[in-house]
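Observations on chain architecture
Chain by chain, the residues run as shown.
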Amino acid sequence: MSGKHTQEDTRYLFKRDKTWWVKLAVPRELRDVLGYDLRRSLHTRDLEEARSARWDAIAEFREKIESATAEQIMGSTPSAAAKREHHEAGHQIVKEHTVEIVSDSGEGAQKCGQIFGLVCGKMGNGVWTVEIIPAEIQPPARERQGASGIRVRMGSHYVTNMGDQADLVVAFNEQVLYSRIANGAYRKGTVVLLENMWAEDPDEKIRQQYAEALQDFYAQGLIVHELPIQKECLKLVENPRRGKNMFVLGMLCHIYQRDVDKAKEEIAKTFRKKSAKVVEINHKLFDAGYAFARDNLDYEYEIPSADDERLASAIVVNGNQAAGLGVMAAGIDLVAMYPITPATSASHYLADDFNLTGGFVHQAEDEIAAIGFAIGASYAGKTACTITSGPGMALKTEMIGLAVMAELPLVIIDVQRGGPSTGLPTKIEQGDLLSTLFGVPGDSPKVVIAAATIAECLEFVSVARRIAESFRTPVIVLTDANLATGVQPIARPDVTEDWFPPPLDQSDWDEDVPPYDWDEETGLSERPIPGMRNGEYILTGLAHNRQSKIAYDSASNQEGAIMRSRKLATLAATLKPPEVHGDETGDLLIVSWGSTHGAIEEAVDRARDAGKSVASVHLRFLSPLEPGLEEIFRGFRKVMTIELNYSDDPEHPLINKETRRYAQLAQVLRSHTLMDIDCWSVVPGHPLSPGRICQVIDTHLGKLEGVH
Amino acid sequence: MFGLKGDWSLEVKDRYFTLEDYSGAEPRWCTGCGDHGILAAVHRVCRDAQLEPEKTVAVSGIGCSSRLPHYMNTYGFHGLHGRALPVACGIKSRRPDLDVWVATGDGDCFSIGAAHWVHAMRYNMDMTMLVFDNGIYGLTKKQTSPTTPLDVPTNTHPSGSLLPPLNPLTVTLGITNVSFVAQIVDWNAQLRHQVIKMAHEHKGTGFVRIIQRCPVYVEAIGKALQNEPARMRLLTHEFGVEVDDSVKRLFPNHGEHDPTDLPAALKIAADDSVLPLGILYRNPDAPCYDQMSSEGLEMSAQEKLAGLNQAFDHFAI
């Protein structure tokens, strides 16, 4: 406690919403058992009354402490429910912290976390923010499954993933914590700042739930600090449901020693479309929260800035915003889409800003029409983009085949979610690799690339557009729900005009050159664009010859298939082998793709710091594959993929060499290299944490021991 | 060639296009198929309008009708079954300078592509849409289509089709923002030419349902109509079609219909006993989506770059 009340005698006393309480700190060695302090209300608003009433309580508290000391000396173990974790007080410098704010939906936890993340980014920290989204739009209040909120991981280094268990949580009610606990989001010692209004709720059931939950949390080793957030906010606003989030932001800004001016600037920005009065009241709530934490919490953390050039001139975006910006930076001016989670927010963003670069979002009548519209635009000379997710990809299959057959440039962004069928709409899975590679009937060679980072969600649209046009092919860019919802400061790209496609070519076409003038070596050809005189041809999805005439004869069909496939080999010849993260030889090599990149490299770094012989290699090109994989793999005793898609557990009695279904990249690599590549993969619907990957590494390294 | 301009001055064009300039490959439709006449009308309308072949795109789906692009000497897009309209709309959205034609059929448009039909009418993009309706799936060899008349035997319904046929006119007229709905039969050259020409000149989607004979699979459907002209009613109006007496003699059942009167058009369309021919509805003032979607196309690279930096600024810290 700071010494705010020292002018008069308020020893052991503190005020909570006008009522006096008494509080006694618990000796450090007993905090596991009794918690940080013992406290109770004196049920009076009168200071004189409180002064005299406190001594009974203090005596009672001292008795408790004495008996607990005696118990400890006698070596008896406190009951699980009463065992409480230890928490350090004072000012601490830490390398990183992960904070969660969880609430019922509509209480503004996400806005609070977004602003907090931005302020951390502005102060030079590496940051990864990810929203916790309930499945329903308006789940009932105080529902265990209804947790809505946000996680902010900030560090003195560039942060590439959502991290392991949270260090500190602010919870607007106790019930919403349960789903997070079930997800393994917290550990023993996670500090929970819990709204305590429920302890005095008029509904007995709620009071009981609250009391029971507290016991649960203590039993699980959470450090719970009950705080009168609602009561404090009521001093400023009538309905703290709106506004409590800014109070919490103020608390967090004190706890993490954030710059008050920067935070207030962000608050003003957030409410810029509202009246000055709204900004003012939110500033007041922020100040109140800040002061409350200063006066009532005896711990604060400092997370020094990260020294990383990516943060020097950064933009803070999620993967879908990055993809939207990527569309604009690629010089694409049409996105045709149909609403589908988790892809749609990319189009929402574009609908706001696309006019800045002359672009248009076409919301089509269905997924097929969306890609059809984009294909029409591409055919007419303006390479377009369609953005969707798994079920939409399934519907677009025939159109993708048409683009392959007719050799049309097209950018398709697949923000993967859990499948099959409607699956897990809001959650992450890397389940679309095989269907994008092979999901089209017939031989359908196309380019598939996967963004590993939020920055790549932006860059890869440009890469895709250029490849699509140079190689006259659809290019699929795979991202996923983890990237789509993760928010991170990334280096602001230095876009120049050469990122844009050249102006529409309307010069005359050489009439001696057919529309598919395939180069035998490379399979490449130039295409006439409508408007080019003498270039008139009829594009067809049927088998066709160089003149684009329908050709059912064997020779033409074989030639077309060869030429379409040859382009992939031509592209592969321009690629470099991927870089190995770690030593180029060793015991275990992890192969990965997509958004698991950050967590896997972090886990590999930890394992290597612990002296383990492990490295990783991350693939960006899935079709064609980057060259040199076999050679890289040969440097390791064991090669395995870690993926977020389904594979059989090899330990199950029914699973053997013949029946085992491997993770998707593992399947591809096994056939590609003829090497015995193992895999570990799961479909939990949430991203992999570095800690979980470390366990997988340990297990597999353990299996290698004794196999020398 | 040359011609006279509005101010009587001589206009010298460096290019003049004849019917041959629009003719592509030799049509492979069956002898007696109504599609030949439709193709001839399209070539003529292109010639009348002196469309530059390189600026003209014929888009189709799959089916007998959808072979049309191959018989044009323009750009063409012979895509997927049912999906001509989204492709055509995508083309028009990015390239309002192109003259876009859509050739589709009763299966392609009213069945597998029905969703696109409804929405393309709403988009009302400036293009000409010809539905070759022969009441049967021809290319896949005689299956029931949405417009196959009741009791006509097909390979999927050998004892006769089970359901009464879909009425494409009432559906089309019922779609908000529809702007041009016409119906013709393939065997009257004057009506065919005039209506397709008006559909082409119309600003918006010119929807023409063409009752088209398939002599191979359902000869009786066309024959019955040809033999009983009283089953058809020719709609004339100064704002609709105006045909000479020779045509009126062929369609003794004819009368005035004001194409701006949507309720009257719906009433005419809903009467299954008589097949209306001519322009049922026409509204040149309906908003066109191609104009809305193509704003910004003229932006220069410098302007785009500036805009992009503005977008980045929204996220800068």
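Residues numbered from 1 in each chain as written. Chains lettered and ligands numbered in written order. Predicted model: local features only at pLDDT ≥ 70, side-chain atom pairs only at ≥ 80, totals over all residues. Heavy atoms only, no water.

Residues and elements named next belong to chain A. Along its sequence, chain A is organised into domain 1 (13-78), domain 2 (90-310), domain 3 (314-499), domain 4 (505-574) and domain 5 (580-704). Computed over C-alpha atoms only, the centres of domain 2 and domain 3 are separated by 34 Å. Across the domain 2 to domain 3 interface the summed buried area is about 1,000 Å²; carbon plus sulfur atoms make up 58%. Ranking the residues of domain 2 by area buried against domain 3 places Trp128, Tyr158 and Arg310 at the top, with a combined share of 43%. Where domain 2 touches domain 3, the interface holds 0 salt bridges. For the side of domain 2 that touches domain 3, the secondary-structure elements that each account for two or more residues are helix H3 (109-122) and strand E6 (126-132). Looking at which element gives the most residues to the side of domain 2 that touches domain 3, the answer is E6, with 5 residues. Here the side of domain 2 that touches domain 3 is composed, by residue class, of 7 nonpolar, 4 polar and 2 charged. (Domains from an automatic or database assignment. Buried area = accessible area lost by both parts, 1.4 Å probe. Salt bridge = Lys/Arg side-chain N within 4 Å of Asp/Glu carboxyl O. Helix = DSSP H or I, 4+ residues; strand = E, 2+ residues; numbered from the N terminus. Nonpolar A, V, L, I, M, F, W, Y, C, P; charged D, E, K, R; others polar.)

We now examine the sheet that holds strand E18 (residues 474-480) of chain A. Backbone hydrogen bonds are what pair the strands of a sheet, in a parallel or an antiparallel way. All names here are of chain A. One open sheet holds the 7 strands; their spatial order is E14-E13-E15-E16-E18-E17-E24, and the pairing between them is mixed. Edge positions in the open sheet fall to strand E14 (360-363) and strand E24 (621-623), since each of these has one partner strand only. The sheet shows a mean angle of 25° between the axes of neighbouring strands, taken without regard to direction. In this structure, strand E17 (residues 447-450) lies alongside E24, joined through 2 bridges in antiparallel fashion. In the strand pairing of E24, Val448 is matched with Ser623. (Pairing = 2+ DSSP bridges. Axes fitted to C-alpha atoms, helices over the stretch in contact; angles between N-to-C directions.)

Our focus in this paragraph is the interface of chain A and chain B. Facing 67 residues of chain A, the contacting portion of chain B comprises 56 residues. Of the roughly 5,000 Å² buried at the junction of chain A and chain B (both faces included), carbon and sulfur atoms supply 65%. Among the residues chain A hides against chain B, the three largest losses belong to Leu356, Glu365 and Ile538 of chain A. Together they make up 13% of the total. Of the charged contacts in the structure, one is a salt bridge between Arg94 of chain B and Asp333 of chain A, with a shortest N-O distance of 3.0 Å. Counting across the interface, chain A meets chain B through 24 residue pairs in polar contact (both at pLDDT 80 or more). Of all the secondary structure elements, the ones that give two or more residues to the side of chain A that touches chain B are H3, strand E12 (314-318), helix H10 (319-329), helix H11 (344-353), E14, helix H12 (367-379), helix H13 (390-406) and strand E20 (538-540) of chain A. In terms of residue count, the dominant contributor to the side of chain A that touches chain B is H12 of chain A (8 residues). (Contact = heavy atoms within 4.5 Å. Polar contact = N/O pair within 3.5 Å; in protein donor to acceptor, adjacent residues only side chain to side chain.)

With that out of the way, let us pick up the pattern of salt bridges. Taken as a whole, this structure holds 52 salt bridges over all chains when the rule is applied. Taking the shortest distance from any N to any O, the salt bridge between Lys122 of chain A and Glu265 of chain A comes out at 3.3 Å. Pair noted here: Lys122 of chain A is in helix H3 and Glu265 of chain A is in helix H8 (residues 260-270), with a separation of 143 residues, a long-range link. Between Arg213 of chain B and Asp186 of chain B there is a salt bridge; the shortest N-O distance is 2.7 Å.

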